[in-house]
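So the chains spell out like this:
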Amino acid sequence: LENHSYSDFGTCSLTGRRSRNLEEDAASDVTEGHDEDDQMYEGEYQGIPHPDEVKAAQRAARAAARAKAGTEEEESLAEEYEAIMEDCGHGRFQWTLFTVTGLALMADGAECFVVGFVLPSAEKDMCLSNANKGMLGLIVYLGMMVGAFVWGGLADKLGRRKCLTMALAINCVFAFLSSFAQGYGFFLFFRLFSGIGIGGSVPIVYSYFSEFLSMDKRGEHLSWLCMFWMMGGIYASFTAWGIIPHYGWGFSMGTEFQFHSWRLFVLVCALPAIFSLIGLSFMPESPRFLLENAKHDEGWMILKQVHDINWRAKGEPERVFTVSQIKAPKQDNEFIEIQSSTGTAFQRWAVRSATLTKQVLKNILSLMSPDLRLSTLLMAIIWFTMAFSYYGLSVWFPDMIKHLQHEEYESKIKVFHRERVHHFTFNFSLENQIHKEGEYIIKFEDSLFEDCYFEDIRSTDTFFENCTIKSTVFYNTDLWEEKFIHCRLENTTFLHSKKGCHLDFREDNDVLIYLVSFLGSLAVLPGNIISALFMDKIGRIKMIGGSMLISAGCTFFLFLSFSQAAIIAWQCLFCGTSVAAWNGIEVITVELYPAAKRYRTFGVLNALCKLAAILGSSIFASFVGITKVVPILLSFSALVCGGLIAFKLPETREKVLL
């Protein structure tokens, strides 16, 4: 479907708002005598030009520029599509699509937080080693990277709505399965494919929504759409805070199947994707995709539907969609169509799959063509440096808070040597205490346990080493032979033992961690509002470059103070200033590339973004407790580099969507 020829177009009878055709003469009696064209525009008294005249002048100027540059034929469909979207207006349809696609973006934002919130509980529930925890933390980003690359490529060939629907469906199915997975291997596998599914949301959502927007609405409304990613972080933080600490919100089926509260949280985080999936079933395919693939009639019907919905909601149902034909490129893939329609079912599938794969790879390679090479290289650097710093610091901030808490805990530890305690009942906490070489008879014993009865015990990293245990009963506990290292057991009985690692929520669910993530997501709100209001006024380039340079300056505040409160404050400041750069990056990525390559480019760049997230989070986490200088300098250097390169990009705020 790639070989387009713009030399053979159908005719177009697109007329302006002021030249009504004969269909308007059949208007109802309600509108009789109220011909808008006969009314004088009130601004004419002050010499203010009519908005339609301004738009017509802008279109004429763009046409003159194209003619001068020799690109009139290639951009004629884009220019005509822009005029049609202006005629359709901005109203109820766009706001409905805004909500549906926003929920998909919200699902992506929540997905980034899921594993981080459940990891403290899951590591005890599934007995995870440090290596297992590290892999689980990275697997979601790995899945998103693969998903962005795959879905971005397929959306250019199979359709925007179709691919987004399939991606969200895969995310929902595997998120559901992961919440019930009992073993580490299955949980890891399901989270990987859940990430592959949700990885398609960002490359498709922005481009899909942009193809229903006119040029003067595009920058602002794409920036408003970015707020849903922030809402995903807030939603995940709030629900984690409200669900995970409630250990009783679950059930068990014997000793082999446990459904704890953190698993319920995984299910709840899939709700935005489910609601978006339901909403997409009522949304149409992108008319721009249909026109690019020579499906004129289907594209025309959708554009008419958008026009009628918007003007009917504005109280002007008499407005007529005046477009009868739209220029559509001629397709030169008849041989492929014949091949894919003959032979056995397997042969047809093989031909279609091979053709699709070749076209996807061809489009990816075309991103390095002479006319796109520089823009692609600059965008790749900007995406990578921004993601490396943002995701690296997003992991580093909470880890540093945990490290400071651990240091504070260690400073308060009391050590007791060679205690001897007889006939004493412990009815108070032994927190922050280390008892060495002590003797505890009857109720509690460090090196000798005699005539003891342990009932309903749930241990967390508890082991018995070089101990002697005599005449003792362990009833309904999770203490089994692996817990006793070089111990001597005499006349000891184990009844109803339960294997597995169990949870201690008083230790594992620190409310501060949820609060830090919640505040970090909420701090994005001011930056989102500012970027939405000024995106079209100051331009994409200044927004990206200025935001990245200001964010780089914010990282140096970390040298001033390094308490827990200071880290939270600097995190909020960094998130609030960097979000404007993210918004600008996503808007300009949509506008720089033609429709036939837009989704694939977004997919490749977003996959690069997830690769940078994996590298940044891994590198920054390795310096926790060692030094704060290296992470700060790395993030500062990356942001400055990306910010300066951003000023080399072309401005796109007055550019039609190619």
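Residues numbered from 1 in each chain as written. Predicted model: local features only at pLDDT ≥ 70, side-chain atom pairs only at ≥ 80, totals over all residues. Heavy atoms only, no water.

- The name given to the protein in an unreviewed UniProt entry is Synaptic vesicle glycoprotein 2Bb, with Scleropages formosus as the source organism.
- Among the UniProt annotations of the protein, the heading Sequence similarities (unreviewed entry) holds the following wording: "Belongs to the major facilitator superfamily."
- Recorded in UniProt for the protein, the comment headed Subcellular location (unreviewed entry) runs: "Cytoplasmic vesicle, Secretory vesicle, Synaptic vesicle membrane". (UniProt positions renumbered as here; feature names shortened; annotations may be inferred.)

**Notes on the packing of helix α3 (residues 92–125) against helix α8 (residues 215–225)**
Part 1 of the reasoning: One way to put it is that α3 packs onto α8 with a least axis distance of 10 Å and a crossing angle of 45°. Between α3 and α8, the interaxial angle falls into the category oblique. In this structure, α3 contributes Trp 95, Phe 98, Thr 101, Gly 102 and Leu 105 to the contact, and α8 contributes His 221, Trp 224 and Leu 225.
Part 2 of the reasoning: For the contact of α3 with α8, a count of residues per class yields five nonpolar, three polar and no charged. (Axes fitted to C-alpha atoms, helices over the stretch in contact; angles between N-to-C directions. Helix = DSSP H or I, 4+ residues; strand = E, 2+ residues; numbered from the N terminus. Parallel < 35°, antiparallel > 145°, perpendicular 65-115°, else oblique. Contact = heavy atoms within 4.5 Å. Nonpolar A, V, L, I, M, F, W, Y, C, P; charged D, E, K, R; others polar.)

**Describing the pattern of salt bridges**
Part 1 of the reasoning: Applying the stated criterion to the full structure yields eleven salt bridges.
Part 2 of the reasoning: The closest approach of N and O atoms between Asp 156 and Arg 600, which form a salt bridge, is 3.7 Å. Residue Asp 156 is found in helix α4 (residues 130–158), and its partner Arg 600 is found in helix α22 (residues 595–622); the two are separated by 444 residues along the sequence.
Part 3 of the reasoning: A salt bridge links Asp 308 to Lys 304, with the shortest nitrogen-to-oxygen separation between them at 2.8 Å. Of this pair, Asp 308 and Lys 304 both sit in helix α13 (residues 296–313), four residues apart, roughly one helical turn.
Part 4 of the reasoning: Linked through salt bridges whose partners overlap, the residues forming this network are Asp 156, Arg 160, Glu 211, Arg 598 and Arg 600. (Salt bridge = Lys/Arg side-chain N within 4 Å of Asp/Glu carboxyl O.)

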